[in-house]
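Below, each chain spelled out in residue letters.
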Amino acid sequence: MINNILKGIKAYTGTFALISQLKLWKYFAIPIIISVVTAFIIGLSAYGLSDNIGRFIAKIWFWDWGKETFTAISTIIGGIVVIAIGLILYKHIIMAFSAPFMSPVSEKIEAHLTGVERHNHRKTSFQEQLWRGIRINIRNLGKELLFTIPLLLFKFIPIVNIFSTALLFLLQAYYAGFGNMDYTLERHFKYKESINFVGKHKGIAIGNGIVFMLFLLIPVVGVILVLPMSVTASSINTVNLLEQENSLNHNSVIV
């Protein structure tokens, strides 16, 4: 698992140069706009809601003693809740609506890496790619929220909240990497097959998603570069995994 996580991270090396070499920047124009607009709307909402959520949480403290301290802590927790949910919504929104634009990018990267210009892939239209992206990300959003809510509740438990923060970050990283991998997988596998493939390679998805999440910590530049860098890195890893599986299948047939 750790080795695969490191592979997912290492794939980011040289992504900027590869995008320039294959002249892929034009494909990222609309996704970058989607990313910036979505980040702005969610950031504005988070700023306005954090205090309200903090005050709402503080109402469960009925005693006068420690009221101010608990309210201050609740406000911080409220901010964390809004940021966590905001990041979840942000990544699934941009990955869902960017799907038709990212598929050609991953296809060109695959052709470059394999040396085969015309693969015998599943043929999908713009609308089918968009629906696939929406479907995958709605599914992942539901799963992620299911695990995120309990982890957020652990924020109220001292010491344990440190581990819950790390788990929350890795959970978000996994589903970010999942979405990025599917841009390549949608040409090779149907919906359920793609889910099973990512499930077998969780480490790669987490590694890709870790850098994805770290990009979002960079003001302005992060939301501009996060998709180009992460999709390119994920395409490299996913194509390599597919090539390895094809090779294993071929060898098993020969035997």
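Within each chain, residue numbers correspond to sequence positions counted from 1 in written order. Only residues with pLDDT of at least 70 get local features here, since the model is predicted, and only at 80 or more are side-chain atom pairs given and counted; chain-wide, interface and lining totals rely on the full set of residues. Side-chain measures were taken over the full set of non-hydrogen atoms in the model, leaving aside hydrogen atoms and water.

Topic: empty space enclosed by the protein
The condition that has to hold: Definitions used throughout: a 1 Å grid over protein atoms alone; a cavity as a set of points that fits a 1.4 Å probe which cannot get out; a pocket as an open set with protein on both sides within 12 Å along at least five of seven lines; a lining residue as one with an atom within 4 Å of a point. Grid points are joined across faces, edges and corners, and a volume is the space filled by probe spheres set on the points. In this description a helix means any DSSP run of H or I spanning at least four residues, a strand means any run of E spanning at least two, and both kinds are numbered starting from the N terminus.
One pass over the full model with this rule turns up one cavity of 30 Å³ or more. Space inside the largest cavity adds up to approximately 80 Å³. Met95, Ala99, Ser103, Gln129, Arg132, Gly133, Ile136, Asn137, Gly179, Asp182, Tyr183 and Glu186 together form the lining of the largest cavity. Breaking the lining of the largest cavity down by element, the ones donating at least two residues are helix H4 (67-114), helix H5 (126-153) and helix H6 (160-185).

Points about the environment of Phe197
Spelled out, the test is: Pairs of residues are marked as contacts when any of their non-hydrogen atoms sit within 4.5 Å.
Tracing the backbone through its elements, the reader meets Phe197 in helix H7 (residues 191-200). Along the sequence, Phe197 and Phe178 sit 19 residues apart, while their C-alpha atoms lie 9.9 Å from each other. Leaving out residues up to four positions away in the same chain, Phe197 has contacts with Met181, Leu185, Phe189, Thr238, Leu241, Leu242 and Glu245.

Concerning helix H8 (residues 202-215)
Our working definition: Expected span of a helix: the number of residues minus one, times 1.5 Å. Only protein chains enter the accessibility calculation, which uses a 1.4 Å probe; a residue is then buried when its area is under 20% of its type maximum, exposed when over 50%, and partly exposed in between.
In this model H8 runs 20 Å from its N-terminal to its C-terminal C-alpha over 14 residues, within 8% of the 20 Å that 1.5 Å per residue would give. Of all 14 residues that make up H8, twelve are buried, and the element is covered over most of its length. If you check which residues of H8 are buried, you get Gly203, Ile204, Ala205, Ile206, Gly207, Asn208, Gly209, Ile210, Val211, Phe212, Met213 and Phe215.

Points about the layout of surface pockets
Cut-off, in case you're wondering: Classification convention: Asp, Glu, Lys, Arg as charged; Ala, Val, Leu, Ile, Met, Phe, Trp, Tyr, Cys, Pro as nonpolar; all other residues, Gly among them, as polar.
Space inside the largest pocket adds up to approximately 370 Å³. Lining the largest pocket are 15 residues, with Ala39, Gly43, Leu87, Leu216 and Val223 positioned closest to its centre. Put simply, the parts of the chain that give the lining of the largest pocket at least two residues each are helix H3 (29-58) and H4. For the lining of the largest pocket, the residue count by class is 13 nonpolar, two polar and no charged. For the second largest pocket, the calculated volume is near 240 Å³.

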